[in-house]
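Observations on the three-dimensional arrangement
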Amino acid sequence: MSSIVFVLGSTILYFKNKLKDKEKKRIAQLEKMSLEKELIAINLTALRSQMNPHFIFNALNSIQDLVLKEDTEASYDSIVLFAELIRNTLNYSNQDFISIEKELDFLKVYLQLEKLRFGSDFNYTISFNSTENIDVPSLLIQPFIENALVHGLMHKDGKKK
């Protein structure tokens, strides 16, 4: 009889310890996932804070170029576009994700501003054909386009596309 109680007690303790171990592993995994998510959010915030001053500086340089050329109409258009970009940058930078449509609208305004700087030599096309509601990290695409323009097209002679 005592051996049955011993076996039964040992079995219960064994399974109880197994359940505790599984619970500890589950909690550790949840904590790890939480920390990874927090790290991603911090990295995204850091990326935005680095991009925004760089972006603003380049946009102001574009406007400055037009003012120095005494192109009043293009300067005015640039300031209007720049104001819209700044408004959207401030609005979107506080959001982790925005719709792809908003991101592409933001990109179109940015490219219009760059077109004023580059002139008729610069042309661009944006194609997006989806009916799905897709959210992307805010201000994700613009830094890549800006780098392509600054490092790829700015010093190129002739047509820029």
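Here the structure is shown first, and the text comes after it.
Everything quoted here is computed from the prediction, not taken from an experiment.

**Observations regarding a negative patch on the surface**
- Judged by side-chain charge, Glu84, Glu101, Asp105 and Asp135 come together as a negatively charged surface patch.
- Note on placement: Asp135 falls in strand β2 (residues 135–137).

**Considering the pattern of salt bridges**
- Inspection of every chain in the model, using the stated rule, returns 1 salt bridge.
- For the salt bridge of Glu23 with Arg26, the shortest nitrogen-to-oxygen distance reads 2.8 Å. With Glu23 and Arg26 both in helix α1 (residues 2–68), this residue pair falls 3 residues apart, about one helical turn.
- Residue Arg26 is classed as partly exposed on the basis of its relative accessible area, which comes to 42%.

**Thoughts on unusual backbone geometry**
- Phi at Glu70 is positive, roughly 60 degrees, even though this residue is not glycine.
- Relative to the assigned elements, Glu70 resides in the loop between α1 and α2 (72–93).

**Observations regarding the environment of Ser130**
- With respect to the secondary-structure elements, Ser130 resides in the loop between α3 (100–118) and β2.
- Relative accessible area serves as the criterion here: at 27%, Ser130 is assigned to the partly exposed category.
- With 37 residues separating them along the chain, Ser130 and Ser93 place their C-alpha atoms 24 Å apart.
- Within the structure, Ser130 has its side chain in polar contact with the backbone nitrogen of Glu132 (distance 3.2 Å).

**Comments concerning the side chain of Glu114**
- Among the secondary structure elements, Glu114 is positioned in helix α3.
- Residue class for Glu114 comes out buried when judged on its relative accessible area of 2%.
- Ignoring any residue separated from it by four or fewer positions in sequence, one finds Glu114 in contact with Ser62, Phe122 and Leu149.

**Considerations on the nonpolar core**
- Membership of the largest hydrophobic core comes to 21 residues, with the highest contact counts inside it found for Leu85, Tyr110, Leu111, Leu113, Phe122 and Leu149.
- Mapped onto this core, the elements with two or more residues apiece are α1, α2, α3 and α4 (142–153).
- Here this core gets 9 residues from one element, more than from any other, and that element is α3.
- The residues contacting Leu113, other than those within four sequence positions of it, are Ala59, Ser78, Leu81, Phe82 and Leu85.

The rules behind these values
- Residues numbered from 1 in each chain as written.
- Predicted model: local features only at pLDDT ≥ 70, side-chain atom pairs only at ≥ 80, totals over all residues.
- Heavy atoms only, no water.
- Patch = residues over 30% accessible without salt bridge, like charges linked within 9 Å, V, L, I, M, F, W, Y side chains within 5 Å.
- Areas by Shrake-Rupley, 256 points an atom, 1.4 Å probe, with all protein chains shown as cover.
- Salt bridge = Lys/Arg side-chain N within 4 Å of Asp/Glu carboxyl O.
- Lys, Arg positive; Asp, Glu negative; His and termini not counted.
- Charge placed at Lys NZ, Arg CZ, Asp CG, Glu CD.
- Helix = DSSP H or I, 4+ residues; strand = E, 2+ residues; numbered from the N terminus.
- Buried < 20%, exposed > 50% of the residue type's maximum accessible area, 1.4 Å probe, protein only.
- Polar contact = N/O pair within 3.5 Å; in protein donor to acceptor, adjacent residues only side chain to side chain.
- Contact = heavy atoms within 4.5 Å.
- Core = buried A, V, L, I, M, F, W, Y, C linked by side-chain atoms within 4.5 Å.

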